[in-house]
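Residue-level structural notes
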Amino acid sequence: MKSSPKKRTNASLVVGLEVQEELRSQSSCLAKRKREIIFVFGLCTLFIVILLSTTTAKSRSKPTLLQQLDCAGNREIKPEFGRDTVFSGSFRDCDSKYFGLKKMRIIRRSDPLWDTLQSRLGLHTSDMALSPLIVVPENTCKITLQTKAAILDDVFIISRDPFSYTALTLSPKNDNQISFINATFISSNKSINLLIAPKQSTTVEEVKIYVQRCYNYTRVEETSRASGQFPAQFPRILHHEYNRCSFELYERGIVDCDWLKVTTMSDVTVGEFERVKSLLGEENCFKSGVRSNPVGAKYFIKVRGRSTKEGEFTYAYLLSPILSADVSREFTFSLHADVICNQSELTAYVVGPNLDVLSVPERSRPFLNVSTEVGDWMHHQKVVTIPKEYPEFQILLRAKVKNQGICESCGLPAHVVIDEIKIEASYPKCPTSEIGNTSFLNSDFQHGTYNNWTHEKWQLSSRHRYLEQSISSDWRKKMLSGDHINPLAIGDLHLALGHYFRSPLVIANINCSCVLKFVYTIYDEYDSLIPVHVVQRFGVNATKQVKSHEQKTLWHNILPTLSEWKNIQVPVKLVDNGVPFSFDFNTVSDPSLAPTGWMFFDDIKFEGCDFSLYTGES
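Notes on the structure follow. Being a predicted model, the structure only gives us computed values, none of them experimental.

**Considering the overall build of the protein**
A count of helical and extended segments in the protein gives seven helices and 39 strands. When burial is assessed residue by residue, the protein has 48% of its 618 residues classed as buried. At a minimum sequence separation of 6, the contacts of the protein that also span at least 24 residues come to 80%. Roughly 31200 Å² of accessible area belongs to the protein as shown, and the carbon and sulfur atoms make up 51% of that amount.

**Comments concerning the packing of aromatic side chains**
Within the structure shown, the criterion is met by 26 aromatic pairs. Pairing F583 with F606 gives two aromatic rings, centres 4.8 Å apart and planes at 50°, and the pair type is tilted. Of this pair, F583 sits in strand β37 (residues 581-586) while F606 is found in strand β38 (residues 598-607), placing the two residues 23 residues apart along the sequence. The pair F583 / F606 is uniform in exposure class, with both members buried.

**Description of the nonpolar core**
One finds W259, F333, L335, L346, L397, I418 and I421 to be the most contacted residues of the largest nonpolar core, which totals 49 residues. Elements represented by at least two residues in this core include exactly β17 (300-304), β18 (313-319), β20 (330-340), β21 (345-351), β22 (368-370), β24 (392-402) and β27 (415-425). Of all hydrophobic cores here, the second largest spans 37 residues; its members include V532, V572, F581 and C609.

**Topic: the state of the cysteines**
Scanning the model with the defined rule gives four disulfides in all. Between the sulfur of C141 and that of C214 lies a disulfide, 1.8 Å long from S to S. Taking the torsion about the S-S bond as the criterion, the C141 to C214 disulfide, at about 85°, is right-handed. You can see C141 sitting in strand β6 (residues 140-148) and its partner C214 sitting in the loop between β12 (206-213) and β13 (216-219), a full 73 residues away along the chain. Here the two residues C141 and C214 agree in accessibility, since each one is buried. Across the disulfide, C514 is cross-linked to C609 (sulfur-sulfur distance 2.1 Å). The chirality of the disulfide connecting C514 with C609 is right-handed, given an S-S dihedral of about 90°. Here C514 is found in strand β33 (residues 512-523), whereas its partner C609 is found in the loop between β38 and β39 (611-613), with 95 residues between them in sequence. Here the two residues C514 and C609 agree in accessibility, since each one is buried.

**As for the sheet that holds β38**
Across the sheet, five strands lie side by side as β29-β30-β38-β33-β36; this open sheet has antiparallel pairing. Of all strands in the sheet, those bounded by a partner on one side alone are β29 (459-460) and β36 (566-574). With two bridges joining them, β29 and strand β30 (residues 488-491) adopt antiparallel strand pairing. Across the sheet, residue L460 finds its bridge partner in β30, namely L488.

**Things to note about empty space enclosed by the protein**
Over the atoms rolls a probe the size of a water molecule, and its path tells where empty space is left. Throughout the structure, instances matching the rule amount to one cavity of 30 Å³ or more. Its volume calculated, the largest cavity comes out at about 60 Å³. Lining the largest cavity are R244, S334, H336, H379, E420, I421, K422, K552 and T553. Those elements giving two or more residues to the lining of the largest cavity turn out to be β20, β27 and β35 (551-559). No other element matches β27, which puts three residues into the lining of the largest cavity. By residue class, the composition of the lining of the largest cavity is one nonpolar, four polar and four charged.

**Re the pattern of salt bridges**
Under the criterion given, the structure shown has 12 salt bridges. With its nearest N and O atoms 3.5 Å apart, the salt bridge here joins R83 to E80. Take R83: its relative accessible area is 45%, and that puts it in the partly exposed class. Measuring nitrogen to oxygen at the nearest pair gives 3.5 Å for the salt bridge that ties E345 to R398. Here E345 is found in strand β21, whereas its partner R398 is found in strand β24, with 53 residues between them in sequence. Residue classification places E345 among the buried positions, given a relative accessible area of 17%. A cluster of three or more residues bridged by salt bridges with shared partners is formed by E80, R83 and R363.

**Points about the pairing of strand β7 (residues 154-159)**
Side chains on a regular strand alternate between the two faces of the sheet. By the criterion of burial, β7 is predominantly enclosed, with five of the six residues buried. Inspection of the sheet shows β7 paired to strand β11 (residues 191-197) by six bridges, in the antiparallel sense. Within β11, the residue paired with V155 across the bridge is I196. Sheet analysis places β7 next to strand β8 (residues 164-167), joined by four bridges and oriented antiparallel. If you follow S159 over to β8, its bridge partner there is S164.

So, how was this worked out
- Residues numbered from 1 in each chain as written.
- Predicted model: local features only at pLDDT ≥ 70, side-chain atom pairs only at ≥ 80, totals over all residues.
- Heavy atoms only, no water.
- Helix = DSSP H or I, 4+ residues; strand = E, 2+ residues; numbered from the N terminus.
- Buried < 20%, exposed > 50% of the residue type's maximum accessible area, 1.4 Å probe, protein only.
- Contact = heavy atoms within 4.5 Å.
- Areas by Shrake-Rupley, 256 points an atom, 1.4 Å probe, with all protein chains shown as cover.
- Phe/Tyr/Trp six-rings, centres within 6.5 Å; stacked < 30°, edge-to-face > 60°.
- Core = buried A, V, L, I, M, F, W, Y, C linked by side-chain atoms within 4.5 Å.
- Disulfide = S-S within 2.5 Å.
- Pairing = 2+ DSSP bridges.
- 1 Å grid on protein atoms, 1.4 Å probe; cavity = no way out; pocket = protein on both sides within 12 Å on 5 of 7 lines; lining within 4 Å.
- Points joined across faces, edges and corners; volume = space filled by probe spheres on them.
- Nonpolar A, V, L, I, M, F, W, Y, C, P; charged D, E, K, R; others polar.
- Salt bridge = Lys/Arg side-chain N within 4 Å of Asp/Glu carboxyl O.

Spelled out as structure tokens, the structure:
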């Protein structure tokens, strides 16, 4: 039986509605599943983010030692020779924008680096201070660390990669300075940090770093370089008042000089002083050192220009012992020297405890400069004021010599020659109330007497038999008249070795300083350079023969013929130590030259002095 069309249409509609409902149901399920997938994905993503964040946090809380050091010293600094590099304390974190170029990082217990360094270095301290990364210059052999207003305890040099460290040793008698001398460690570790780890609570206000080149230090008598690049300790003057370097043999063959020659392999222009008796090959120049009583083989030191083409000049350095400035801030420095050839020079500097020798001429001004050629020994003397920041100091001499040059005056290559170096602490002037009567040594010779002085070949002008024959009448009328009609005279100067005018023994009553005054003039028809010496001689035998180290030159000059009387004031230091002394005027020259010269002295006077005649009683 056939169904009607209407029934078939209704059936189709029912089926279509069922299909649509099924489709809607499937679509809803898919949307739900999609939402579930998105939700799960979101949860997974959040989990991963949390996991990564946790891992990163853990990583940050336990960085490697290298990472921590990089954080602490994330800036490089490059110290320079001869300059101090200053750090100041910083309480900022290493990530802070306030972490400056030269700030020390303060490491506290809460800092992750604290535990690492404590365990690695075996420390038991509270806070520590770590420097930025220090790039050590080439040829560095010494690093000195000095703090301001802080006492140093444990200080370490830390090398980065591989990690290594070296403890620094505190300098003797200096709680806030440490020096590290280890060329091998420094040369193999060019980038380092410095760590200060005090055992007790303290404040690190300021830290200074000094770097120094590698040098060799040798005594004057040594011809070979020392095995160590730094001496265990520089020669130190114990009495702080006087140091003399004569280059003569002292007892048991030891040279009377504790200065050090300074050389370095890093600079081909640096030469070396040599101790000699004479300069070979010259006609009239420097056949000996400074010649004064006692007469003998006189040594001196020299440096000469090279014949090679290693620069235009050769340099040589001489460094004094360490002297203390606790007695006085003023010292009198003197030496005998000459420079042979123009462009050569000798300069002297006051230097502090952390000097770098080659940097001194670039950073400091010399207090003495000898640059004029004389052709004979010339006495140079300067009063030096020691800077307040130097509790101890040294004197550095630098000779600069022209290479590949022959000088017309002596027919020699360029030289710098040095003899008789002296450093002496200055005393204040003798108090007016303490000044004794020293007129027993004052002499104007107007009355024809020598006033307690003794003499050898020195006589008053009126007693010299050949004076009128040797000196022109015009010169005599001009110079030997008026107040100087009968001065003390010494003739035939070039044969006057060992001739003198000498005071009796006297002894100081107090530590103080005064002045010796006199006038003098010279007559020499050939305008020769005539040495004049005023010497202070020490000991009970000072009026007889003394050894080289028992005397000191107070004044020495060389001048040709004078057309006037020259006024001289010589500083005299009186030391109340129970040792008697005398004053000695003498002229010393080369006996091989013709006897032509005459020397005249007058108006010898001690002003503001406090000494008495020595009676032999202590």
